[in-house]
Amino acid sequence: MATQLFEGKGHAAVYQKYRFAPGKELQQTILSYLKEKRTNPIELVVDVGCGSGQGTLFLAERFKKVVGVDISEAQIQEARDAPSPPNLSYLVCPAEELPFEDGSVDLLTSFTAVHWFDIEKFMKEVNRVVKPRGCVALSTCTADMSLRYGHCSEELTQIFRETTDLIFKYSHNRLKHVLEDYKEIFEALPFQDKKRITDIFDKTPMTVAGVVGYFESFSPYQAYMKDDPEAAKTLLQETEKRFLDTMGVSSRETPLEFWVRDVCILGCK
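This section reports on the structure supplied with the text. Keep in mind that what you see is a predicted model, and the values were worked out from it rather than measured. Each residue is numbered by its place in its chain's sequence as written, counting from 1. Local features in a predicted model are, by the rule used here, given only for residues with pLDDT of at least 70; side-chain atom pairs are given and counted only at 80 or more, and totals for whole chains, interfaces and linings are based on all residues. Side-chain numbers here rest on the full set of heavy atoms in the structure, without hydrogens or water.

## Looking at the nonpolar core
Spelled out, the test is: Each nonpolar core is a collection of buried residues, namely Ala, Val, Leu, Ile, Met, Phe, Trp, Tyr and Cys, held together in the definition by side-chain atoms within 4.5 Å. Relative accessibility under 20% of the residue-type maximum defines a buried residue, over 50% an exposed one, and the middle range a partly exposed one, all with a 1.4 Å probe and only protein chains included. Only DSSP runs of H or I reaching four residues or more are called helices, and only runs of E reaching two or more are called strands; each is numbered from the N terminus. Contacts are assigned to residue pairs with any non-hydrogen atoms lying within 4.5 Å of each other.
Val48, Phe100, Leu108 and Phe122 are the most contacted members of the largest nonpolar core, which has 32 residues in total. Broken down by secondary-structure element, the contributors of at least two residues to this core are β1 (44-48), β2 (65-70), β4 (105-111), α5 (119-129), β5 (130-148), α8 (183-188) and β7 (255-268). The biggest single contributor to this core is α5, with 5 residues. The contact partners of Phe100, leaving out residues within four places of it in the chain, are Leu44, Val46, Val67, Val69, Leu91, Val105, Arg128 and Val129. Residues Ile167, Met206, Tyr214 and Leu244 belong to the second largest nonpolar core, which totals 26 residues.

This is how it looks when you write it as structure tokens:
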């Protein structure tokens, strides 16, 4: 069965506010692969587990018709409420039961979501809906993250990792797939022509407040909130103070660079 941890309206709103779009290096990795493999125009793109639509918007800027699907009604509502072009639509449905005809999808994507799916059932759906010579791009951001600001980047990254370690004590066992760089998911993809890239590094401009909000969007943090809300809130307050003190600034809107390593599975049917 799929694992549903992003259902609540509050969590969906935090996700919409603080999760970021796929970085430029990851985008370019996917687009370069499509250029290499595809000769026919891409008519239909399906983004599975689209959440509040950050990755889906990137696709809609480049392709004729894009459909984002997610099992969470709250996440899809956040996506629909955000500005979007007319070639983009959203549907509520499970990743394991996609409402598309056999061999109808030119490109199927998923950004930081496949580890929550029933992988065996999902891969059967991938094989069913993707056209011959159609492509897939299944990616995730990893726990390999760092912060950069002036001369205190190492100290900030250490604080970030200490907080992440505390939050990840509440991790679901499905996150093992992320920690293993999607190795098992890569092996499950039923295409002969496939590859897994594990060293895509992207930077995103953020603020101190944005980094703290990003923590809040983690599914383990939401589990921590349910278990001990006061401790969870205190952790983020103390983390923010440590960031500001280390940087020698007072404003939580102070900009910094957020770096993340992505993993991407690419395949052609």
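Having put the structure on the table, let's press on.
## Details of the environment of Tyr224
Topologically, Tyr224 is positioned in helix α10 (residues 219-227). When the C-alpha positions of Tyr224 and Phe100 are compared, they lie 37 Å apart, and in sequence the two are 124 residues distant. Setting aside residues no more than four positions away along its own chain, Tyr224 makes contact with Tyr170, Pro229, Ala231, Ala232 and Leu235.

## Topic: the packing of aromatic side chains
To keep things clear, this is the line we draw: Think of it this way: a Phe, Tyr or Trp ring, Trp meaning its six-membered ring, pairs with another when their centres are within 6.5 Å, and the plane angle makes it stacked under 30 degrees, edge-to-face over 60, tilted otherwise. Here, over-ring charges are defined by two tests on the NZ atom of lysine or the CZ atom of arginine: distance to the ring centre within 6 Å, and angle to the ring normal within 35 degrees.
Evaluated as defined, the whole model comprises 10 aromatic pairs. Of the aromatic side chains, those joined through ring pairs into one cluster are Phe160, Phe168, Tyr214, Phe215, Phe218 and Phe258. Across the ring face of Trp259, the terminal group of Arg148 is positioned such that the distance to the ring centre comes to 4.0 Å. The ring of Phe186 carries the charged tip of Lys194 above its face, separated from the ring centre by 4.9 Å.

## Things to note about the pattern of salt bridges
Heads up, the condition is: Basic side-chain nitrogens of Lys or Arg form a salt bridge, by our definition, when they fall within 4 Å of a carboxyl oxygen of Asp or Glu.
Taken as a whole, this structure holds 17 salt bridges when the rule is applied. We note a salt bridge from Lys37 to Asp193, for which the minimum N-O separation is 2.8 Å. In this pair, Lys37 is assigned in helix α2 (residues 24-37) and Asp193 in strand β6 (residues 193-207), connecting sequence segments 156 residues apart. The exposure class assigned to Asp193 is partly exposed, which follows from its relative accessible area of 28%. Arg161 is the salt-bridge partner of Asp144, the closest N and O atoms lying 3.8 Å from each other.

## What about α2?
Because each turn of an α-helix spans 3.6 residues, side chains separated by three or four positions end up pointing in the same direction. Just so we agree on the cut-off: Multiplying 1.5 Å by the residue count of a helix minus one yields the expected span of that helix. Think of the arc as the fan of directions from the helix axis to the C-beta atoms.
Here α2 contains 14 residues, and its C-alpha end-to-end distance of 20 Å stays within 8% of the 20 Å for a straight helix at 1.5 Å per residue. Of the positions making up α2, those classed as buried are Leu26, Gln27, Thr29, Ile30, Tyr33, Leu34 and Lys37. Buried residues along α2 cover an arc of 160° about the axis, so they all sit on one side. For α2, the exposed residues set more than 90 degrees away from the buried face come down to Lys24, Lys35 and Glu36. The secondary structure elements touched by the buried residues of α2 are α3 (54-60), β4, β5, β6 and β7.

## Remarks on the packing of α10 against helix α11 (residues 229-247)
Defined as follows: In this analysis an axis means a line fitted to C-alpha atoms, helices contributing only their contacting stretch, and an angle means the value between N-to-C directions, from 0 to 180 degrees. Note on angle classes: values under 35 degrees are labelled roughly parallel, values over 145 roughly antiparallel, values of 65 to 115 roughly perpendicular, and the remainder oblique. Polar here means any residue outside two lists: the nonpolar Ala, Val, Leu, Ile, Met, Phe, Trp, Tyr, Cys and Pro, and the charged Asp, Glu, Lys and Arg; Gly therefore counts as polar.
Between α10 and α11, the shortest axis-to-axis distance is 5 Å and the interhelical angle comes to 130°. In terms of orientation, α10 lies oblique with respect to α11. Contacts between α10 and α11 involve Tyr221, Tyr224, Met225, Lys226 and Asp227 on the former and, on the latter, Pro229, Ala231, Ala232, Lys233, Leu235 and Leu236. In the contact of α10 with α11, the residues fall into 8 nonpolar, no polar and 3 charged.

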